[in-house]
Amino acid sequence: MVTKMDLEELPGVGATTATKLRDAGYKEMSSVAAASASELKDAAGIGEAAANRIIIAAKESLDIRFRTGTEMLEKRKSVKKITTGSTALDDLLGGGIETQAISEFYGEFGSGKTQIVHQAAVTVQLPEDEGGLGKGVVFIDSENTFRPERIIQMAEGRGLDPEKILENIQVARAYNSADQILWAEKAAEMAQSGDIGLIIVDSLTSQFRADYVGRGTLADRQQKLNRHMHTLQRAGDLNNIAVVVTNQVMAKPDTFFGDPTAPIGGHIVGHTSTFRLYLRKSKGGKRVARLMDSPNLPDGEAIFMVTQEGIRD
Ligand code: ADP
Ligand code: MG
């Protein structure tokens, strides 16, 4: 979806409104097309009817329309998969971490979320016939847990040149949720180059949780988080790349059935991620991943290990 049209060419959008839109993060036609009328209303200080007209015109300029089932099947065929390092975990995911989707690894502190994303940052760089995409990574680190030393260990564990692997990982530290949102937009922009195969956000939710405390701000948080997820999903869709996010949850020991944990970020995160994997520690250094509510795969579990060399069966 490319358009040559500028925001100024939208109906009722002059220089002032265009500037307001850009300042609010609506830099390209696609983000205007994906906005809700109330979002645009607030961003540009315009009326609801004007906002609706702008959104419709933006959609038309992008050739946004219904697709047939056949077209959707063609699109599905272009989906690629990245190995997690564990065959069991790959099988659970139907072959690996998919492009054009958001995969969310959630679990308690120490359950292996950060290890999995470090591993994916290495394996995505493998050639396609070895379980990678032969491409680089954007790593948005909101908890200061990116460790180049760990990347070196995992690269060496696969006989790869650690220097080359590190060179193809672009790391940004997100100090707060607004920062994280900006880095994701930047990552989406970088992905258009075709050199990026994976965007990682570790963790998706911690900064949002810290920035929005108290009930009054909950709706605001969910809206911001939703839009952030949408930025990531679009980057994945448009560039056929993978997006992996982590989400720390607290165990609720009083729950005996179903999902024993509640993801921070609530249902919006849960519903926007295409694949949700719940990680937990097991006996003897083993870890268990459980696939929840996949659109096309059976729920199930896989056992894997975190070793010096990385994620393994
Ligand atoms: P979180 O889910 O909180 O992100 P991590 O992914 O950081 O958790 O997992 C931390 C765990 O990973 C450690 O407790 C340890 O068991 C394991 N781990 C970290 N580094 C290594 C290593 N070099 N070798 C083996 N296991 C490791
Ligand atoms: Mg972590």
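For the structure, check the block above.
Below you will find a few notes about this structure. (Residues numbered from 1 in each chain as written. Chains lettered and ligands numbered in written order. Predicted model: local features only at pLDDT ≥ 70, side-chain atom pairs only at ≥ 80, totals over all residues. Heavy atoms only, no water.)

1. Details of the overall build of the protein
Definition in use: Each helix corresponds to a stretch of at least 4 residues labelled H or I by DSSP, and each strand to a stretch of at least 2 residues labelled E; elements are numbered beginning at the N terminus. With C-alpha atoms as the basis for the radius of gyration, the globule rule is written as 2.2 Å multiplied by the number of residues raised to the power 0.38. Note on classification: 1.4 Å probe, protein chains only; a residue is buried when its accessible area is under 20% of the maximum for its type, exposed when over 50%, partly exposed between these limits. What makes two residues a contact is simply this: any of their non-hydrogen atoms within 4.5 Å.
Within the protein, the regular secondary structure consists of 13 helices and 12 strands. Over its C-alpha atoms the protein spans a radius of gyration of 20 Å, differing by no more than 12% from the 20 Å that the globule rule assigns to 313 residues. Each principal axis of the C-alpha atoms in the protein carries an extent, and together these give about 65 × 45 × 40 Å. The 313 residues of the protein split such that 47% are buried. Here the contacts in the protein between residues at least 6 apart in sequence split such that 64% fall between residues at least 24 apart.

2. So, the packing of helix α1 (residues 15-23) against helix α3 (residues 37-44)
We apply this condition: Lines fitted to C-alpha atoms define the axes, with helix axes restricted to the stretch in contact, and inter-axis angles between N-to-C directions lie between 0 and 180 degrees. Roughly parallel means an angle under 35 degrees; roughly antiparallel, over 145; roughly perpendicular, 65 to 115; everything else is oblique. Left-handed describes a crossing whose near helix is turned anticlockwise from the far helix through less than a right angle; right-handed describes the clockwise counterpart.
The interhelical angle for the contact between α1 and α3, taken along N-to-C directions, is 110°, at an axis separation of 8 Å. Here α1 is positioned roughly perpendicular relative to α3, judged by the angle of their axes. As for how α1 packs across α3, the hand of that crossing is right-handed. For the pair α1 and α3, contact is made by T17, K20 and L21 and by L40, A43 and A44, respectively.

3. Concerning the pattern of salt bridges
Note the cut-off: For salt bridges, the criterion is a side-chain nitrogen of Lys or Arg within 4 Å of an Asp or Glu carboxyl oxygen.
Summed over all chains, the structure comprises 13 salt bridges. Ionic pairing is found between K41 and E48, a salt bridge with its closest N-O pair at 3.6 Å. A relative accessible area of 42% means that E48 is categorised as partly exposed. By sharing partners, the salt bridges in this structure join R76, K81 and E98 into a single network.

4. Some thoughts on the packing of α3 against helix α4 (residues 48-61)
Here is the rule we go by: Gly counts as polar in this scheme, as do all residues outside two lists: the nonpolar Ala, Val, Leu, Ile, Met, Phe, Trp, Tyr, Cys and Pro, and the charged Asp, Glu, Lys and Arg.
Two numbers describe how α3 lies on α4: the axes approach to 8 Å, and their chain directions differ by 110°. Comparing their axes, α4 and α3 come out roughly perpendicular. Regarding α3 and α4, the two cross each other, and that crossing is right-handed. Between α3 and α4, the residues in contact are A37, L40 and K41 and E48, A51, N52, I54 and I55, respectively. The residue inventory of the contact of α3 with α4, partitioned by class, reads five nonpolar, one polar and two charged.

5. Considerations on α4
Applied cut-off: The span one expects for a helix is its residue count, reduced by one, times 1.5 Å. The arc in question is the one traced by the directions running from the helix axis out to the C-beta atoms.
Spanning 14 residues, α4 covers 20 Å between terminal C-alpha atoms, matching the ideal 20 Å at 1.5 Å per step. For α4, every residue scored as buried is listed here: A51, I54, I55, A57 and A58. Down the axis of α4, the buried set is contained in an arc of 165°. They therefore lie on one face. Seen from the open side of α4, the exposed residues pointing more than 90 degrees away from its buried face are R53 and E60. Looking at the buried residues of α4, the elements they touch are α2 (29-34) and α3.

6. Let's talk about the environment of S103
If you trace the backbone, S103 turns up in strand β3 (residues 101-107). Assessed through its relative accessible area of 1%, S103 is described here as buried. Linking S103 and S30, residues 73 residues apart in sequence, is a C-alpha distance of 23 Å. Not counting the four nearest positions on each side in its chain, S103 is found in contact with I97, V243, V244, V245 and F275.

7. Looking at the layout of surface pockets
Stated precisely, the cut-off is as follows: Computed over the protein atoms alone on a 1 Å grid, cavities are sets of points where a 1.4 Å probe fits but cannot get out and pockets are open sets with protein on both sides within 12 Å along at least five of seven lines; a residue lines them when it has an atom within 4 Å of a point. Grid points are joined across faces, edges and corners, and a volume is the space filled by probe spheres set on the points.
In this model, the largest pocket occupies a volume close to 780 Å³. Around the largest pocket, the lining comprises 32 residues; the ones closest to its centre are E28, S30, S31, Q192 and R234. For the lining of the largest pocket, the elements supplying multiple residues, two or more each, are α2, α10 (177-191) and α12 (218-239). In terms of residue count, α12 provides more of the lining of the largest pocket than any other element does, nine residues in total. Here the lining of the largest pocket is composed, by residue class, of 12 nonpolar, 10 polar and 10 charged.

8. Considering the pairing of strand β4 (residues 136-141)
Cut-off, in case you're wondering: Only strands that DSSP links by at least two bridges are regarded as paired with each other.
Across the six residues of β4, six count as buried, placing the element largely inside the fold. Burial of the side chains of β4 extends over both faces: G136, V138 and I140 are buried on one face and V137, F139 and D141 on the other. Pairing geometry for β4 and strand β6 (residues 196-202), over six bridges, is parallel. Residue pairing across strands places G136 opposite I196, the latter belonging to β6.

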